[in-house]
Amino acid sequence: MGALAVRQPVGVVTCVTSYNNPWANPAGKIAPALAMGNTVVVKPAPQDPLSVYRMAEALEAAGVPRGVVNVVNGQSVAVGEAAVESPDVDMVSFTGSTAVGQRIAEVCGRSMKRQLMELGGKGAALVFDDADLASAVSGIGTTFSFYSGQICTAPTRVLAQRGIYDRLVEQLAAYADVLKVGDPRLPDTVVGPVISSAHRERVESYVELGRKEGAVVVAGGERPSAGPGFLVAPTVLADCGPEMRVVREEIFGPVVVVVPFDEEEEGIALANDSDYGLIDYVWSADVARAFRVARRLRAGGVGVNTVGRNMEAPFGGFKKSGVGRDVGSYALHAYSEVQAIVWPG
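Residues numbered from 1 in each chain as written. Predicted model: local features only at pLDDT ≥ 70, side-chain atom pairs only at ≥ 80, totals over all residues. Heavy atoms only, no water.

Chemist: How should I be thinking about the sheet that holds strand S4 (residues 69–71) in this particular structure?
Modeler: The pairing of strands in a sheet comes from backbone hydrogen bonds and takes either a parallel or an antiparallel form. Pairing is mixed across the open sheet formed by 6 strands, whose spatial order is S4-S3-S2-S5-S6-S16. Strands with a single pairing partner mark the edges of an open sheet, and in this sheet they are S4 and strand S16 (322–323). Bridge analysis of strand S2 (residues 12–16) against strand S5 (residues 91–95) gives 4 bridges, and the strand direction is parallel. Paired with valine 16 across the two strands is phenylalanine 94, which belongs to S5. (Pairing = 2+ DSSP bridges. Helix = DSSP H or I, 4+ residues; strand = E, 2+ residues; numbered from the N terminus.)

Structural data, given as structure tokens:
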């Protein structure tokens, strides 16, 4: 028998996007969905929808037919629910919190809608005794402060082997202390405000919780005194234990926790002791060990001696960090159905 596997459009795709990346996140959904022949309904985050409207205007100006790209917005939860529940929708692509993703998945399950879910993260960074500490500190420091810490791929759980634990804590604290916090319009600002007053209070409450749990604040921990917006100082919590809530729960702000470990097996176990599994990181001069450890981590991606991304590599999570993969050719597969056509040989 002859056979052909072809890619067909899913149909109508609802794209529910995140506030932390209000331009690239919708673009990363709309582009592959349109490339595979779908139409889209975009529901941007209510905190910052304006760039999505500008994107829709640009697509219209480029000749996209009316009705192919549609934007719906609103503060009310009912708006998002309608965009997900509609019987005209065949697939939902969502980026956001695990709690909201679980609610969306329940709705999709009732009508068997296809899903692509990129949810929360609590990335582990295993730093071994033989690691290049300058590289590890720079990678962790730049990533946990990126987007003012509002990024799910950040290595916010630093697992440091005993031999370099004290030096890593000292250097990471020093790195955090020199990150300029302030007006994001100024060229020397590194860490701007978080999205809202309520979110700043949430992040600050986790820092206070860490103190109560026995963590030591070695950098940050106090609200910056000047500057516009809802500023949070980059904060490093040392001497943390795996049972602490600040170690287990996603804070989504510029806060990193440091946990010591002794042997490789313990480090792997600590890294995998999480509800999340989006992106982890390994720093070691022993490349064979780094790749061996990476293969044992329950995460959708692992950076070996880097926090860089390959934009053709699949992106997505294990466990409560999501369902499915996108980026590059994997996104084209995510926004399409496979059809088999068979004929007599």
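Next comes the rest of the account.
Chemist: Even after reading the chapter, I still don't get the layout of surface pockets, so can you show me in this structure?
Modeler: If a probe as big as a water molecule is rolled over the atoms, it shows which places are left empty. By volume, the second largest pocket amounts to about 290 Å³. As for the second largest pocket, its lining consists of 16 residues, of which Asn20, Tyr147, Ser148, Gln150 and Pro193 are closest to the centre. A breakdown of the residues in the lining of the second largest pocket according to their chemical character gives 9 nonpolar, 6 polar and 1 charged. (1 Å grid on protein atoms, 1.4 Å probe; cavity = no way out; pocket = protein on both sides within 12 Å on 5 of 7 lines; lining within 4 Å. Points joined across faces, edges and corners; volume = space filled by probe spheres on them. Nonpolar A, V, L, I, M, F, W, Y, C, P; charged D, E, K, R; others polar.)

Chemist: Sorry if this is basic, but what is going on with the nonpolar core here?
Modeler: Side chains of nonpolar character tend, in soluble globular proteins, to be buried together. Among the nonpolar cores identified, the biggest contains 34 residues, and Val127, Ile140, Val158, Leu168, Leu172, Val258 and Trp283 are the most heavily contacted of them. Among the secondary structure elements, those contributing two or more residues to this core are strand S7 (124–127), helix H5 (133–145), strand S8 (157–161), helix H6 (162–177), strand S10 (235–238), strand S11 (255–261) and strand S13 (279–283). Broken down by element, this core gets its largest block of residues, 7 residues, from H6. Among residues more than four places away in sequence, those in contact with valine 127 are Leu133, Ala136, Ile140, Val158, Leu159, Ala160, Gln161, Ile164, Leu168, Phe261 and Trp283. With 28 residues, the next largest nonpolar core counts Leu126, Leu159, Val259 and Ile268 among its residues. (Core = buried A, V, L, I, M, F, W, Y, C linked by side-chain atoms within 4.5 Å. Buried < 20%, exposed > 50% of the residue type's maximum accessible area, 1.4 Å probe, protein only. Contact = heavy atoms within 4.5 Å.)

Chemist: Sorry if this is basic, but what is going on with the packing of aromatic side chains here?
Modeler: The final tally for this structure, using the stated rule, is 4 aromatic pairs. Centroid distance tyrosine 19 to phenylalanine 252: 6.1 Å. Interplanar angle 90°. Geometry classified as edge-to-face. Of this pair, tyrosine 19 sits in the loop between S2 and helix H1 (24–35) while phenylalanine 252 sits in the loop between helix H8 (245–248) and S11; the two residues are 233 residues apart in sequence, bridging distant segments of the chain. The pair tyrosine 19 / phenylalanine 252 is uniform in exposure class, with both members buried. Summarising the aromatic geometry, the rings of phenylalanine 128 and phenylalanine 261 are spaced 5.5 Å apart at their centres and angled 85° between planes, so their arrangement reads as edge-to-face. (Phe/Tyr/Trp six-rings, centres within 6.5 Å; stacked < 30°, edge-to-face > 60°.)

Chemist: Whenever I open this one, unusual backbone geometry confuses me. Can you help?
Modeler: Negative phi is the rule for most residues except glycine; trans is the rule for most peptide bonds. Positive phi, close to 60°, is recorded for phenylalanine 252, a residue that is not glycine. One non-glycine residue with positive phi stands out, namely valine 327, at about 80°. With respect to the secondary-structure elements, valine 327 resides in the loop between S16 and helix H11 (329–334). Judged by its relative accessible area of 14%, valine 327 is buried.

Chemist: I tried to follow the sheet that holds S8 on my own but got confused; where do I start?
Modeler: With mixed pairing, 7 strands are arranged side by side in an open sheet as S9-S10-S11-S8-S7-S13-S14. The open sheet is flanked by strand S9 (216–219) and strand S14 (301–304), the only strands paired with a single partner. Across the sheet, the mean angle from the axis of one strand to that of its neighbour is 25°, orientation sign disregarded. Helix H9 (residues 264–272) rests against S7, S8, S11 and S13 of the sheet, and its axis sits at about 145° to S11. Contacts from helix H10 (residues 287–296) reach S7, S8, S13 and S14 within the one sheet, and its direction differs from that of S14 by about 165°. (Axes fitted to C-alpha atoms, helices over the stretch in contact; angles between N-to-C directions.)

Chemist: Hey, could you run me through empty space enclosed by the protein in this one?
Modeler: By the definition in use, this model includes 3 cavities of 30 Å³ or more. Volume-wise, the largest cavity comes out at about 70 Å³. For the largest cavity, the full set of lining residues is Gly121, Lys122, Gly149, Ile151, Cys152, Ala154, Thr156, Glu250, Ile251, Phe252, Gly253 and Val255. When grouped by side-chain class, the residues that make up the lining of the largest cavity number 6 nonpolar, 4 polar and 2 charged.

Chemist: How should the environment of histidine 333 be read in this particular structure?
Modeler: Along the chain, histidine 333 turns up in helix H11. For the pair histidine 333 and alanine 33, spaced 300 residues apart in the sequence, the C-alpha separation amounts to 9.7 Å.

Chemist: Just checking my understanding: could you explain the pattern of salt bridges for this structure?
Modeler: When the charged atoms of two side chains lie near each other, side chains of opposite charge can form a pair. Applying the stated criterion across every chain yields a total of 16 salt bridges. Note that lysine 180 is salt-bridged to aspartate 188, the shortest N-O span being 3.1 Å. Note that arginine 248 is salt-bridged to aspartate 273, the shortest N-O span being 3.1 Å. Taken together, the positions of arginine 248 in helix H8 and aspartate 273 in the loop between H9 and strand S12 (276–277) put the pair 25 residues apart, joining distant regions of the chain. Under the relative-accessibility criterion, arginine 248 is labelled partly exposed at 29%. Take aspartate 273: its relative accessible area is 38%, and that puts it in the partly exposed class. Within this structure, Glu208, Arg211 and Glu222 form a network of salt bridges that share partners. (Salt bridge = Lys/Arg side-chain N within 4 Å of Asp/Glu carboxyl O.)

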